Amino acid sequence: MGGGALAALATAGAPSTAGAASRRYLRPPGAVAEEEFLSRCIHCGQCGEACPNRCIKYFGAENGHAAIDTPYIIPREKGCILCMKCGDVCPSGAIQPIPREAEAILDNVAMGHAVVDENLCLSFQGKTCGVCYRACPLPDVAIYVAMLEQPHVTDKCVGCGLCERSCIQMPQAIRVMPNRG
Amino acid sequence: MTAAKRKPFFLWRHLNKLRWLSLSLVFAMLVALPCLHVYQTYRAAHAYDLLAPSEQRFYDIMETLTSPLTDDPAEDLDVVKGSTWSGNFWGLKLSDPLAALGHISAGLTLYWPFLLTALIPLVITAIFGRIFCGWLCPANFLYELNTNLTAWLQWAGLKVGHRRFDRRIKYLVLAVGLLLSVFSGSIMVAAVYPPAIVGRELYYGIAQGGFGVGMVFFAGTLLFDLLVARRGFCRYLCPGGALYSLLGRYRLVRLRRLVEACNDCRKCNAVCEFELDPWRDGFGQECTNCAACIAICPTNAMTFDIRPFDHPEQGPGHLGQRYRRGREEQMDEAV
């Protein structure tokens with residue numbers, strides 16, 4: 001137990017690097033910054049139980065003891081549909097309630113930010129695709145397509161991961177870089 | 001107050017059955033909610049035709065069960081979510097006091113919207129004591145069944161555990177758990193608190209495709225109860241039980257032995273899941289008001305009382321031999 005406490009002190013100081021060293025995962029939409037999230041989350045599982053898309057999964061021991069039973073989203077497996085139910089049901093303020101309106105979502109959700117790898121993206125290789133743009137819940141705001149359906153992500157991207165989920169390239173040419181604060 | 005004429009209210013003998021009903025219902029709810037959640041996701045996805053045959057059967061069952069209640073399950077079934085650790089019931093959010101305390105420890109802040117969700121359980125505990133443990137806790141449900149299993153296995157020849165430890169260890173577990181929460185910045189007590197684990201793991205097992213690490217811990221506690229100490233985890237280790245005991249120390253509703261009806265058979269002590277001493281009026285802060293001692297008492301000598309302290313020890317039961325001998329000796333001395 002003492003070793004655990006020491007490890008906890010070590011990770012509590014630098015949660016973002018600890019996260020970066022592990023898998024690339026997102027927290028649910030409306031989640032507060034990582035360190036505060038870990039202190040607020042009571043591991044009740046209600047966010048996942050409210051999620052109609054079942055994109056919210058829970059960590060076992062693989063991501064450190066502080067993250068056990070906390071919710072995460074792997075965008076390539078299943079993106080978030082921004083229904084905002086998890087924030088409504090979260091009792092402890094780890095996920096903030098945000099109304100399901102475009103403006104509120106654009107202002108308050110910051111799960112991550114999509115990045116296009118032009119070396120992989122089909123549209124940048126001359127094969128017009130545009131699937132990520134069509135998957136985006138905020139088209140022309142978070143992402144727009146230029147000539148040949150080449151995608152360009154704007155600053156407004158909230159990082160839901162639906163583009164990465166839908167990318168038909170293997171490996172995916174668009175990835176959401178987590179912004180866990 | 002003529003205590004000699006007092007008799008326990010006749011329905012109190014049956015409270016233990018009501019308690020089993022309550023425990024079963026809570027456990028059934030923890031199984032039903034993840035099932036409803038999975039059904040909701042099927043509905044939301046309009047995916048009936050894409051489901052596997054077994055999933056379609058599940059869908060049909062859930063549809064049959066819920067169709068009298070709602071036309072729009074994907075939305076309407078959101079009204080009840082969560083577990084005994086923290087839940088949402090028709091907009092009323094309720095949380096375990098240990099969740100509130102752990103939350104304070106992990107963040108060292110007072111986040112009132114969450115802390116207030118523990119208020120109703122707190123008030124109920126102040127009045128009725130540790131009834132969460134006895135009447136609602138889904139882990140207690142399994143632990144009590146485990147006690148029965150232990151008795152059968154013992155009868156069949158297995159060497160089961162009857163070791164005893166210091167019941168105060170659990171207060172240490174509570175303190176250490178909260179301290180670790182402070183140092184790690186994460187609610188560590190949630191990982192060693194069986195009702196939270198059971199609620200979560202049932203959800204993982206049904207809706208997330210498999211049990212998580214908590215199940216290993218919980219299986220360990222069941223084995224501990226079976227092989228080392230009867231009800232060992234609840235008695236000696238549970239941090240939540242420790243917190244509820246402290247909160248219920250001055251509970252108003254508590255059990256009481258009617259000494260004039262007691263025959264010193266000590267069945268109450270034998271049946272007590274929490275190693276208390278009802279036979280000598282020793283209920284203390286750890287009594288869960290589970291009413292098992294009322295149910296088993298052959299002479300109707302157990303009842304409820306409303307007072308913030310236990311009755312002082314009343315000596316041997318008036319129907320027992322010790323008391324009669326004592327009386328005879330007194331009379332001999334008088335003669």
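Residues numbered from 1 in each chain as written. Chains lettered and ligands numbered in written order. Predicted model: local features only at pLDDT ≥ 70, side-chain atom pairs only at ≥ 80, totals over all residues. Heavy atoms only, no water.

Let us now look at the pattern of salt bridges. Going through the model one piece at a time under the given rule, you end up with 21 salt bridges over all chains. Here A:R40 ties to A:E36 by a salt bridge, and the two come within 3.2 Å at their closest N and O atoms. Of the two residues, A:R40 and A:E36 are both situated in helix 3 (residues 34-40); the distance of four residues between them amounts to about one turn of the helix. A salt bridge links B:R19 to B:E144; the nearest nitrogen and oxygen atoms lie 2.7 Å apart. In this pair, B:R19 is assigned in helix 1 (residues 15-45) and B:E144 in helix 8 (residues 138-155), connecting sequence segments 125 residues apart. B:R19 gets classed as buried once you look at its relative accessible area, which sits at 1%. A relative accessible area of 5% means that B:E144 is categorised as buried. Several salt bridges share partner residues, and in doing so they unite A:K85, B:E75, B:D78 and B:K81 into one network. (Salt bridge = Lys/Arg side-chain N within 4 Å of Asp/Glu carboxyl O. Helix = DSSP H or I, 4+ residues; strand = E, 2+ residues; numbered from the N terminus. Buried < 20%, exposed > 50% of the residue type's maximum accessible area, 1.4 Å probe, protein only.)

On to the nonpolar core. Counting residues in hydrophobic clusters, the biggest one holds 59 residues, and the most contacted among them are B:W85 and B:Y193. Looking at which domains feed residues into this core, each of domain 1 (14-32 + 79-245) and domain 2 (254-335) of chain B supplies at least three. If sequence neighbours within four positions are ignored, B:W85 has contacts with A:I42, A:H43, A:C44, B:S95, B:D96, B:L98, B:A99, B:I187, B:A190, B:Y193 and B:A196. (Core = buried A, V, L, I, M, F, W, Y, C linked by side-chain atoms within 4.5 Å. Domains from an automatic or database assignment. Contact = heavy atoms within 4.5 Å.)

Before going further, it helps to spend a moment on the domain arrangement of chain B. All names here are of chain B. What the domain assignment lists for chain B is domain 1 (14-32 + 79-245) and domain 2 (254-335). The centre of domain 1, based on its C-alpha atoms, is set 29 Å off from the matching centre of domain 2. Opposite the 22 residues of domain 1 that make contact, domain 2 presents 17 residues. Roughly 1600 Å² is buried in total at the junction of domain 1 and domain 2, and carbon and sulfur atoms are behind 44% of that figure. One can count five salt bridges joining domain 1 with domain 2. (Buried area = accessible area lost by both parts, 1.4 Å probe.)

With that settled, the discussion passes to the sheet that holds strand 3 (residues 92-95) of chain B. Residue and element names in this part refer to chain B. Across the sheet, three strands lie side by side as 1-2-3; this open sheet has antiparallel pairing. The strands lining the two open edges of the sheet, one partner per strand, are strand 1 (80-82) and strand 3. For this sheet, the mean inter-axis angle between neighbouring strands, taken without regard to orientation, is 10°. Here strand 1 pairs with strand 2 (residues 86-89) via three bridges, running antiparallel. Each residue of the ladder has a partner; that of G82, found in strand 2, is G87. Across the sheet, helix 1 lies against strand 1 and strand 2, angled at about 110° from strand 1, the strand it touches most. (Pairing = 2+ DSSP bridges. Axes fitted to C-alpha atoms, helices over the stretch in contact; angles between N-to-C directions.)

This part takes up the domain arrangement of chain A. All names here are of chain A. Assigned domains within chain A: domain 1 (2-102) and domain 2 (110-178). Taken together, the contact pairs 16 residues of domain 1 with 19 residues of domain 2. When the two sides are added together, the surface that domain 1 and domain 2 hide from each other amounts to roughly 1300 Å², 60% of it contributed by carbon and sulfur. Of all residues in domain 1, the largest losses of buried area upon contact with domain 2 belong to R24, L26 and R76, amounting jointly to 52% of the total for that side. Linking domain 1 to domain 2 there are one salt bridge. The closest approach of N and O atoms between R24 and E164, which form a salt bridge, is 2.8 Å.

Moving on, we get to the environment of A:G60. In this structure, A:G60 sits in the loop between strand 1 (57-58) and strand 2 (71-72). The class of A:G60 is buried, set by a relative accessible area of 16%. Taking the C-alpha atoms as reference points, A:G60 and A:V141, 81 residues apart in sequence, are found 36 Å from one another. Beyond its immediate chain neighbours, meaning those up to four positions away, A:G60 contacts A:I68 and B:V213.

Attention now goes to the packing of aromatic side chains. All names here are of chain B. Tallied over the full model, the rule gives 21 aromatic pairs over all chains. Pairing W12 with F304 gives two aromatic rings, centres 5.1 Å apart and planes at 90°, and the pair type is edge-to-face. Highlighted residues: W12 in the segment before helix 1 and F304 in strand 5 (residues 302-306), separated in sequence by 292 residues. Centroid distance Y48 to Y59: 4.7 Å. Interplanar angle 65°. Geometry classified as edge-to-face. Here Y48, found in the loop between helix 1 and helix 2 (53-66), pairs with Y59, found in helix 2; they are eleven residues apart in sequence, far enough to count as distant. Looking at Y48, the relative accessible area reads 29%, which means it is partly exposed. Among the aromatic residues, ring-to-ring pairing joins F9, F10, W12 and F304 into one connected group. (Phe/Tyr/Trp six-rings, centres within 6.5 Å; stacked < 30°, edge-to-face > 60°.)

What follows is about the packing of helix 1 of chain B against helix 8 of chain B. Helix-helix packing is characterised by the crossing angle of the two axes and by the distance between the axes. Residues and elements named next belong to chain B. Two elements in contact, helix 1 and helix 8, have axes whose closest approach is 9 Å; the angle formed by their N-to-C orientations is 120°. Compared by their axis directions, helix 1 and helix 8 come out oblique. Relative to helix 8, helix 1 is oriented so that their crossing is left-handed. Together, R19, W20, L23, S24, V26, F27 and L30 of helix 1 and P138, N140, F141, L142, E144 and L145 of helix 8 make up the contact between the two elements. Across the contact of helix 1 with helix 8, the residue classes break down as nine nonpolar, two polar and two charged. (Parallel < 35°, antiparallel > 145°, perpendicular 65-115°, else oblique. Left-handed = near helix turned anticlockwise from the far one by under 90°. Nonpolar A, V, L, I, M, F, W, Y, C, P; charged D, E, K, R; others polar.)

Residues and elements named next belong to chain A. Within this structure, the stated rule accounts for zero disulfides over all chains. Sulfur of C121: no disulfide; nearest cysteine sulfur belongs to C132 and is 6.1 Å away. Of all cysteine sulfurs, the one in C132 lies closest to C129, which takes part in no disulfide; the gap is 6.3 Å. (Disulfide = S-S within 2.5 Å.)

In this section: the pairing of strand 3 of chain B. Residues and elements named next belong to chain B. Here strand 2 pairs with strand 3 via four bridges, running antiparallel. When the sheet's bridge partners are listed, G87 is paired in strand 3 with L94. Counted along the chain from strand 2 to the antiparallel partner strand 3, the turn is two residues long, and its residue W90 has a positive phi close to 50°.

This part is about the packing of helix 4 (residues 97-107) of chain B against helix 9 (residues 169-184) of chain B. All names here are of chain B. The contact between helix 4 and helix 9 brings their axes to 7 Å, and the two run at 40°. On the basis of the axis angle, helix 4 is oblique to helix 9. Handedness of the crossing formed by helix 4 with helix 9: right-handed. Mapping the contact onto sequence places L98, L101, G102, S105 and A106 in helix 4 and L174, L178, S181 and V182 in helix 9.

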